[in-house]
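# Topology and contacts: notes
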Amino acid sequence: MEQYKLFINGEFVDAADGKTFETIDPGTEAPIATVAQAGKADAERAIAAARKAFDKGDWSGLTPSARIAKIQDFADQVAQQGLRLAATECMESGRTISYARYAPLLTIGLLRNLCLLAATKFPWEEEIPVSGNVFAPGREFIRREPIGVCVGIIPWNLPLEIAFWKIAPALIMGNTIVLKPASYTPLTALIAAEAAKAAGIPNGVINVIPGPGGELGKTLCTHPDVDKIAFTGSTEVGREIMRLASNTVKKVTLELGGKSANIILDDADMELAVEGAVFGTFLHQGQLCESGTRVLVSSKIYDEFLDKMKKRAESLRIGYQMDPTSHMGPLISKQQLATVEGYVKLGKEEGAELITGGKRVEVSGINGGFYYAPTIFANVNNKMRIAQEEIFGPVACVIKFDSDEEAVAIANDSIYGLGGGVFSTNTARAERMARGVRTGTMWINNYHVLADFCPFGGYKQSGVGREFGLAGLHEYTQVKRIHVVAIADHKTNMSFQLMSDYKKIDGFSYNCPTTVIAGHGALSAIYKAIADLGCRRALILTDPGVRKAGLAQLVKDALVDFCVGIYDNIPSDPDLETVDAATTVARELEADCIVSVGGGSVIDTAKGVCVTLKNGGKANDHLNMLVLTEPQTPHIAIPTTAGTGSEVTNVAVLTSKSAGRKLFIVDTKIMPNVAILDPRFTMSLPKDMTVSTAMDAMTHAIEAMTSTMANPICDGMALQAIRLINENLPLVVADGKNEKARLNLQLAATMAGWAFTIAQVGLAHGMAHTVGTLHHVPHGAACGIVLPKVMRYNADHANDKLAQVAQVMGVNIHGMTERDAALAAADAVEDLMKKVGHPMRLRDVGVTEENLAICAFHAIADTAVLFNGRPVSDPNEVLQIYTQCY
Amino acid sequence: MDLIVQEGVKRDISIIKLEPGAIQAIKTFLADKGIHQPIRIDTNFSGCCDASLCLRVDNTLDTDLTIELEGITFVINPDTYQLVGEVTISYVDEEGRKGFVLKSSKPIGEWDGFGVSDIKI
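Thresholds applied
- Residues numbered from 1 in each chain as written.
- Chains lettered and ligands numbered in written order.
- Predicted model: local features only at pLDDT ≥ 70, side-chain atom pairs only at ≥ 80, totals over all residues.
- Pairing = 2+ DSSP bridges.
- Helix = DSSP H or I, 4+ residues; strand = E, 2+ residues; numbered from the N terminus.
- Buried ≥ 20, exposed ≤ 12 C-beta atoms within 10 Å, placed from the backbone.
- Contact = placed C-beta atoms within 7 Å.
- Axes fitted to C-alpha atoms, helices over the stretch in contact; angles between N-to-C directions.
- Core = buried A, V, L, I, M, F, W, Y, C linked by C-beta atoms within 7 Å.
- Domains from an automatic or database assignment.

The next subject is the pairing of strand β30 (residues 661-666) of chain A. It is a general feature of regular strands that their side chains alternate between the two faces of the sheet. All names here are of chain A. For strand β29 (residues 651-656) and β30, the ladder comprises 6 bridges, and the chain directions are antiparallel. Among the inter-strand pairings, T655 is bridged to a residue of β30, identified as K662. Joining the antiparallel neighbours β29 and β30 is a turn of 4 residues, in which G660 adopts a positive phi near 70 degrees.

Written out as structure tokens, the structure reads:
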């Protein structure tokens, strides 16, 4: 008789205590081989070898493609052992030779397919282009790395294949493994170890230790050097493995029991369905976890189906498993046979109708063996124990149903959810059924088909995790996120500054890609611009006032044939519904470009439309910050005011009715592609709007300089914007037709937009947002009123910047202290406001004194305040400023 | 331990061995549920491949082997007894592990005694 030893650290060795056990042929009850029986000491030795091999890195450290070569050698060695493996598999498991002969082929295929999949399709490294944390920019990626030492515990039904369900993914993904085969069927795993050794798989990478699970299980599942357990077997044992593994928080995948439903619909091809039910239940004597042992049959065809299934079952040849004419071989053991008999007896006691089988079978010429006839119970109630418990033998429970819904309900009335089938000539109907069953695999007009690239595993108490395919490979890796900060400087790290008194952000990224076309007659450039963008179907978005003034028509004419329509239903303070309505029109017209003609409301709406048009859904789906990874629908902005700077900024402000406030889309990808600054579009802007929008731009510029995110590029933009506003606003107020001055105000607004879109704004904006929301004060007017007071509040935290502001506003700061110069800048802003007739007090624009306190509380919570140069945390300070403004 | 066969023939074979704490746990279970039926020692499948022993509330059948211990009647089918031999019942109540552990002198599977189970009703 052959003798087999344990395989530990690349060597075949005896058990430490010298114990052995015999395996037997279940078809004859004759012994096959003597096998070394591992005990606790051997398990510990195997784990130590696997740990050492993993930590050494000569397997785990290989690249996936380097591991391929070794796995292919391994597959070749398995191929060389193919005949021996098939014969041994057949003899020790009772699997018929006609079935077992496929096992080596399938095993080789699994090894080759999974290693190629791992090397070519598995996402070992994966970029995360958008992290979701806007405060910590940097490269984000994940690496998938092997877990470590895996324990594979396999059952006796398909010992060769299931051994490789554990070995293949574990090794391919860079792990090492300790494999414990079932005590009934240890031989093929040990032959696999021979193949591994011959292939040069490094010592310790594979270890095979046959032995009793009850004795070895605790060591394997609790040892601190084991990182993962992959188990196929009973739910009761799986549950205990999970519990033991939890003490050291090991990763666990479990493929457990099943009581799968094979549903035969009334429109099924009868012959196909009968074959499917017989194959689904009786293959390998029913000793397959996913067997369709509950055969659910439509009442419309029940009698005919049952009759045919009975005849087909009775035609199956039961014989010695090595006989190539046998359809069914023996059960694995006398215990298995007795347990199946017990369930058959129980079924009769429960009232099910035994229509065939239910008895042992003697095979001619063989004295012994654990043979059992294919057995069918009819009129089974799904509540019976024979319908609820897995019998793991050739016993089919046929259950009648009246409707598709009832069939799904019966199928789902089980603690298990591993497999299942539907037989129907109507694929759509069958697929609806398949979707309704809570199970890991559903076959339509087929059964028992597993595949290397298709995941297999259970719902409910049928298991945890998946085997095969990418899902199966993922189970043998763990995910490591790596964050590489964009700018490695502690004064640029916003997180670190939570525990620092230094609040300024020194480093920055400047990315403002909008093409600006400016000057008298600049509008005509839109014809080339839209062609350059590759667009042909522009939708103009505007508001009724701008349209009435004829400006939208000017743009339409400039677009020649490239305009598909004008949409003007955009109010001030647009909400999400405004965007959705405009998007619907854009979709109907198949617009490929948005041209916005208007102030900030129109341009912001257009930004929302571009995002929604590109990404689908509704505007509410896209209220995010810095999550877009692709260019959006092209957008050309033509501002008709000179204030918001929205034509070049990365923000769209939109009101959410459900949130009761203004929310934002903030993203570099929403900056318009082109901004056209044509002074003709602001010539008709009334004086008060000209002034207030200019003060909005002034506030953008000054706050961009004094914010925590200020930087020299933005400072340059801001200073030029301030200078232009200071010089040109009085000219425009004096003469609204001064086209050159109008253009300069447009340029100032754009530059201020560039400045604040990177550097952010501050307290003045927070306060203006609040009085705008609570008292409907025009944004620009509110900004202007609070700006000088906030400048004075910020003075000691931004004297240098404010002194520069004073200079560009024409203040002679020679001889002044920096602080005095800073305060002079605030005075200069107030002088300008007076000169151009800007309201000076909140009371002048409808704010009531009793509401100032509540305004202070709202303002301090405004996002803009986070970036104010002087930290703001006391609402009383804000109230004082409001009071000064009042 | 004496085994009392229904037909009234008395033989000196042991069908059950109770570890300390097991009988009290069974009593508590039955009392909590208000059950006054025997406990059957049985085999069942709990999924793929491995049969296991279990305890089940049941009625006595004419063919059963029975024994009464501390007021609790245990029954076992003779065929089952033939298969598994003497069954040892212990009770564990540890963190995350609570229930009955059953081992038999002739194990029905290699995971004999590994898992824990409740009494099935």
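Next comes the rest of the write-up.
Okay, the environment of B:K120 next. Residues and elements named next belong to chain B. Residue placement: K120 occurs in strand β10 (residues 119-120). Its 14 C-beta neighbours within 10 Å are what place K120 among the partly exposed residues. Along the backbone, K120 and P20 are 100 residues apart, and their C-alpha atoms lie at a distance of 21 Å. Setting aside chain neighbours within four positions, we find K120 in contact with C54, L55, R56 and V57.

For the rest of this paragraph, the subject is the sheet that holds strand β1 (residues 2-4) of chain A. Whether parallel or antiparallel, the strands of a sheet pair through hydrogen bonds between backbone atoms. All names here are of chain A. Spatially, the 3 strands line up as an open sheet ordered β1-β5-β4, and their pairing is mixed. If you trace the sheet from one side to the other, it starts and ends with β1 and β4 (20-24), each paired once. The average angle at which neighbouring strand axes cross in this sheet is 30 degrees, direction not considered. Relative to strand β5 (residues 31-36), β4 runs antiparallel, the two being bridged by 5 bridges. The partner of T20 across the bridge, within β5, is A36.

A word on the nonpolar core. Across soluble globular proteins, nonpolar side chains show a tendency to be buried alongside one another. Residue and element names in this part refer to chain A. Core analysis: the biggest nonpolar cluster contains 181 residues, and L111, I264, L296 and V398 have the highest contact counts within it. When residues of this core are assigned to their parent elements, the largest contribution, 10 residues, is made by helix α6 (residues 159-172). Split by domain, the residues of this core number at least three in each of domain 1 (40-255) and domain 2 (261-450). Leaving out residues up to four positions away in the same chain, I264 has contacts with A273, A277, V295, L296, V297, S298, F305 and F423. Counting residues in hydrophobic clusters, the runner-up holds 139 residues, among them L541, V597, L724 and A825.

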